[in-house]
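Fold and geometry: a report
Below are the chains, spelled out letter by letter.
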Amino acid sequence: MEKEECIFCKIIKKQIPCDMVYEDDKVIAFNDISPEAPVHVIIIPRQHINNVNSLNQDEAELIGHIFMVAKKIVKTLGIDETGYRIVSNSGKQGGQTVEHLHFHLLGGRMLKWPPG
Ligand code: 5GP
Ligand code: ZN
């Protein structure tokens, strides 16, 4: 299911361009338009899911697949050994600004913890 006004659905439908890093039949990954680190990739399912709250049991495999894709990307970008962070913001206090489930993949510099 797609959402008319969803910016990430528009990227999936190629109505908005993106700097693609990876794609397959289930997910796409692209560079964040406003990167917070030397590596800042957004990984999203092609299927529109609002956030973690909307996940169903039958999407568990899809989420596992996203992490397998992340594993490939970090290896390709050469940050698998130096380290990286995968984070999914949900809701207002979680800092979610785009309501299409996504995973930030950040790396290429020392990341602070805890996040702000
Ligand atoms: P959130 O704030 O919801 O966790 O993450 C949304 C992310 O999507 C932000 O880091 C933002 O920079 C990125 N973003 C928003 N619109 C676009 C866009 O049109 N293209 C790309 N490549 N990234 C976007
Ligand atoms: Zn969407």
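The paragraphs below set out a description of the structure included in this document. All of these numbers come straight from a predicted model, not from anything done at the bench. (Residues numbered from 1 in each chain as written. Chains lettered and ligands numbered in written order. Predicted model: local features only at pLDDT ≥ 70, side-chain atom pairs only at ≥ 80, totals over all residues. Heavy atoms only, no water.)

A few points about the pattern of salt bridges
The tally for this structure, following the rule as stated, stands at four salt bridges. Of the charged contacts in the structure, one is a salt bridge between Lys 10 and Glu 5, with a shortest N-O distance of 3.8 Å. With a relative accessible area of 23%, Lys 10 lands in the partly exposed category. One salt bridge in this structure joins Asp 25 and Lys 26, with 3.8 Å as the shortest N-O distance. Residue classification places Lys 26 among the partly exposed residues on the basis of a relative accessible area of 38%. (Salt bridge = Lys/Arg side-chain N within 4 Å of Asp/Glu carboxyl O. Buried < 20%, exposed > 50% of the residue type's maximum accessible area, 1.4 Å probe, protein only.)

A look at the pairing of strand β1 (residues 20-23)
Moving residue by residue along a regular strand, the side chains alternate between the two faces of the sheet. With three bridges connecting them, β1 and strand β2 (residues 27-31) associate as antiparallel partners. Note that in β2 the partner of Met 20 across the bridge is Phe 30. In this antiparallel pair of consecutive strands, β1 and β2, the connection spans three residues. (Pairing = 2+ DSSP bridges. Helix = DSSP H or I, 4+ residues; strand = E, 2+ residues; numbered from the N terminus.)

Topic: the coordination of the zinc ion (ligand 2)
The coordination sphere of the zinc ion (ligand 2) contains the protein donors Cys 6 (SG), Cys 9 (SG), His 48 (ND1) and His 100 (ND1), at a distance range of 2.0 to 2.3 Å. Angles of 105 to 117° at the metal separate the four donor atoms of the zinc ion (ligand 2), which places the site in the tetrahedral class. Each donor residue of the zinc ion (ligand 2) belongs to the same chain, and together they define the spacing C-x2-C-x38-H-x51-H. Note that His 48 is positioned in the loop between β3 (39-45) and α2 (60-76) and His 100 in the loop between α3 (91-94) and β5 (103-107), a separation of 52 residues in sequence. Accessibility expressed as a relative area gives 11% for His 48, which makes it buried. Relative accessible area serves as the criterion here: at 0%, His 100 is assigned to the buried category. (Donors = N, O, S within 2.8 Å, 3.2 Å for Na, K, Ca; no water. Tetrahedral: all angles 85-135°; square planar, octahedral: opposite > 155°, others 65-115°.)

Some words on the layout of surface pockets
Put simply, the largest pocket is a space of about 880 Å³. Lining the largest pocket are 34 residues, with Asp 32, Glu 36, His 40, Asn 89 and His 104 sitting closest to its centre. Those elements that place two or more of their residues in the lining of the largest pocket are α1 (7-12), β2, β3, β4 (84-87), α3 and β5. The element that contributes the greatest number of residues to the lining of the largest pocket is α1, accounting for three residues. Across the lining of the largest pocket, the residue classes break down as 16 nonpolar, twelve polar and six charged. (1 Å grid on protein atoms, 1.4 Å probe; cavity = no way out; pocket = protein on both sides within 12 Å on 5 of 7 lines; lining within 4 Å. Points joined across faces, edges and corners; volume = space filled by probe spheres on them. Nonpolar A, V, L, I, M, F, W, Y, C, P; charged D, E, K, R; others polar.)

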